[in-house]
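Observations on chain architecture
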Amino acid sequence: MPSSHPGELIVEPVSRQDHLLQVLTCVADPRKPRGRRHRLAALIAVAVCAVLAGAKGFTAIGQWAAETTTDTLTTLGMVRGPADEATFRRTFARLDADLLDHVLGVWAATRVAVVEGLRVISLDGKTVRGARAGTERAPHLVAALCGTTTLGQVAVNAKTNEIPAVRDLLQFVDINGAVVTVDAMHTQTDTAHAIRDRGAHYVFTVKANNKHLYSQLKKVPWKHVPAQTTRDSGHGRKETRTIKAAQVPAWITFEGAAQVAQLRRTTWRKKSKGSPKRKSVEVVYLITSADHHAAPALVLAGWVRQHWGIENKLHHVRDVTYDEDRSQVRTGSAPQVMATLRNTAIGLLREAGFDNIAEANRHMIRDERRPLRLLQT
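Everything numeric here is computed off the predicted structure, so don't read it as measured data.

The feature "transmembrane region" (unreviewed entry), as annotated in UniProt, sits at residues 40–66 in this numbering. End-to-end, the C-alpha atoms of residues 40–66 are 17 Å apart, and along that stretch the chain is 81% helix and 0% strand.

So, in structure tokens, the structure goes:
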């Protein structure tokens with residue numbers, strides 16, 4: 001695993017005008033100078049192009065390089081012919097994955113759309129199940145997603161859990177002036193302090209695992225709080241979301257809290273034609289440092305909905321489209337590096353206007369200049 005600690009990573013400032021090929025030169029090469037045939041930035045750039053075209057592992061990346069024209073390889077910085085699968089595999093296994101994530105995250109942050117001066121950054125973790133080797137635990141990675149762009153990612157230490165990893169991630173992702181959403185595991189005063197100390201607001205989900213705070217929120221007289229409702233439908237389901245938000249009661253003394261909310265989500269799903277609809281109801285409580293001026297009830301509900309979207313926009317795509325959970329990439333830093341390449345490709349494709357990533361992969365593989373253009377914009 002990479003040795004660098006996120007808090008120690010230093011990357012030169014990046015502007016919106018810098019394209020990815022320029023930014024990749026900031027990643028340090030772990031190889032000895034003698035015997036290098038290809039520049040590291042070129043290897044990473046070719047790998048990103050291959051993943052844009054649907055490559056799921058090193059064999060497919062090597063095949064994409066072998067079938068690509070000399071002109072395209074030269075533009076990507078690979079001037080001595082195509083690298084083979086073994087070169088990608090050996091190099092990426094030794095690469096500082098945290099540094100690569102940080103470099104790409106700094107670059108990605110320049111491309112995030114800011115709506116009314118506000119960014120919503122969702123943090124969530126995912127296990128790369130296929131990368132488990134022997135008795136070792138499969139790598140677990142925590143990513144920060146803003147809209148459709150991954151701003152950073154860190155690996156969870158094998159002897160701990162997501163909680164310290166999230167705090168590590170907050171050290172090098174720019175969250176100043178943003179809203180940070182996390183799930184119930186991270187509803188802790190230390191994490192709240194870390195977010196507020198970096199100039200951001202938090203939105204925490206509160207569930208029964210936090211017994212004291214959960215019981216306090218249940219005591220709020222919600223029946224006297226006005227509700228606001230939104231409805232949505234699609235993909236064989238209908239969903240109604242009802243939110244009630246109120247100023248934090250005096251008896252709740254959570255770090256920096258300004259508002260509490262109750263969110264009820266009622267979903268009707270129809271599995272097949274002619275089958276009855278199945279109804280499910282989920283009630284969650286929220287606590288946030290944003291007051292009602294910054295976060296009216298419906299705005300708060302939108303922030304939470306965006307957090308739930310990290311599963312569909314990122315993790316589901318990595319699992320289903322890129323088959324990540326069955327990937328046999330297991331050596332060294334390679335599992336995290338491949339996850340980073342997938343995050344980058346998904347972000348580039350979303351930015352280019354693609355909603356269906358599998359369809360986008362098919363579009364990219366038909367013309368080798370299409371992935372190249374995304375790296376040059």
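That covers the picture; the talk isn't over yet.
Another aspect to go through is the pattern of salt bridges. Under the criterion given, the structure shown has 13 salt bridges. Here Asp232 makes a salt bridge to Arg305, at a shortest N to O gap of 2.4 Å. One end of the pair, Asp232, is in strand 6 (residues 228–234); the other, Arg305, is in helix 10 (residues 297–320), with 73 residues separating them in the sequence. For Arg305, a relative accessible area of 39% gives the class partly exposed. Its salt-bridge partner being Arg265, residue Glu282 comes within 2.7 Å of it at the nearest N-O pair. In this pair, Glu282 is assigned in strand 9 (residues 278–288) and Arg265 in strand 8 (residues 259–269), connecting sequence segments 17 residues apart.

Before going further, it helps to examine the packing of helix 7 (residues 162–172) against helix 8 (residues 189–197). Running from amino to carboxyl end, helix 7 crosses helix 8 at an angle of 5 degrees, the nearest separation of the two axes being 10 Å. Between helix 7 and helix 8, the angle is such that the two are roughly parallel. Facing helix 7, whose interface residues are Val166, Arg167 and Leu170, helix 8 presents Asp190, Thr191, Ala194 and Ile195. Residue composition of the contact of helix 7 with helix 8, by class: four nonpolar, one polar and two charged.

Taken together, the nine strands give an open sheet; going across it, the order is 3-2-1-4-5-9-8-7-6, and neighbouring strands pair in mixed fashion. The sheet terminates laterally at strand 3 (149–155) and strand 6, the two strands that pair on one side only. With direction set aside, neighbouring strand axes in the sheet form an average angle of 25 degrees. For strand 2 (residues 140–146) and strand 3, the ladder comprises six bridges, and the chain directions are antiparallel. By the bridge assignment for strand 3, Cys146 is matched with Thr149. Across the sheet, helix 7 lies against strand 1 (120–127), strand 2, strand 3 and strand 4 (179–182), angled at about 45 degrees from strand 2, the strand it touches most. Contacting strand 4 and strand 5 (201–206), helix 8 runs over the sheet at an angle of about 160 degrees to strand 5.

Conventions and cut-offs
- Within each chain, residues carry numbers counting from 1 in the order of the written sequence.
- Residues qualify for local features only when their pLDDT is at least 70, as the model is predicted, and side-chain atom pairs are given and counted only at 80 or more; totals for whole chains, interfaces and linings, by contrast, use all residues.
- As a convention, hydrogens and water are excluded, and side-chain values are obtained from all of the structure's heavy atoms.
- UniProt positions are given in the numbering used here, feature names are shortened, and annotations may be inferred rather than shown by experiment.
- What counts as a helix is a DSSP run of H or I of at least four residues, what counts as a strand is a run of E of at least two, and both are numbered from the N terminus.
- Note on definitions: salt bridges are taken to be side-chain nitrogens of Lys or Arg within 4 Å of carboxyl oxygens of Asp or Glu.
- When a residue's accessible area, from a 1.4 Å probe over protein chains only, is under 20% of the maximum for its type it is buried; when over 50% it is exposed; and in between it is partly exposed.
- Angles here are taken between N-to-C directions and fall from 0 to 180 degrees, while the axes themselves are lines fitted to C-alpha atoms, restricted in helices to the stretch in contact.
- An angle counts as roughly parallel when it lies under 35 degrees, as roughly antiparallel when it exceeds 145, as roughly perpendicular when it falls between 65 and 115, and as oblique in every other case.
- Throughout, a contact is declared for two residues whenever any of their heavy atoms are within 4.5 Å.
- Only Asp, Glu, Lys and Arg are considered charged in this grouping, and only Ala, Val, Leu, Ile, Met, Phe, Trp, Tyr, Cys and Pro are considered nonpolar; every other residue, Gly among them, is considered polar.
- We call two strands paired when DSSP finds no fewer than two bridges between them.

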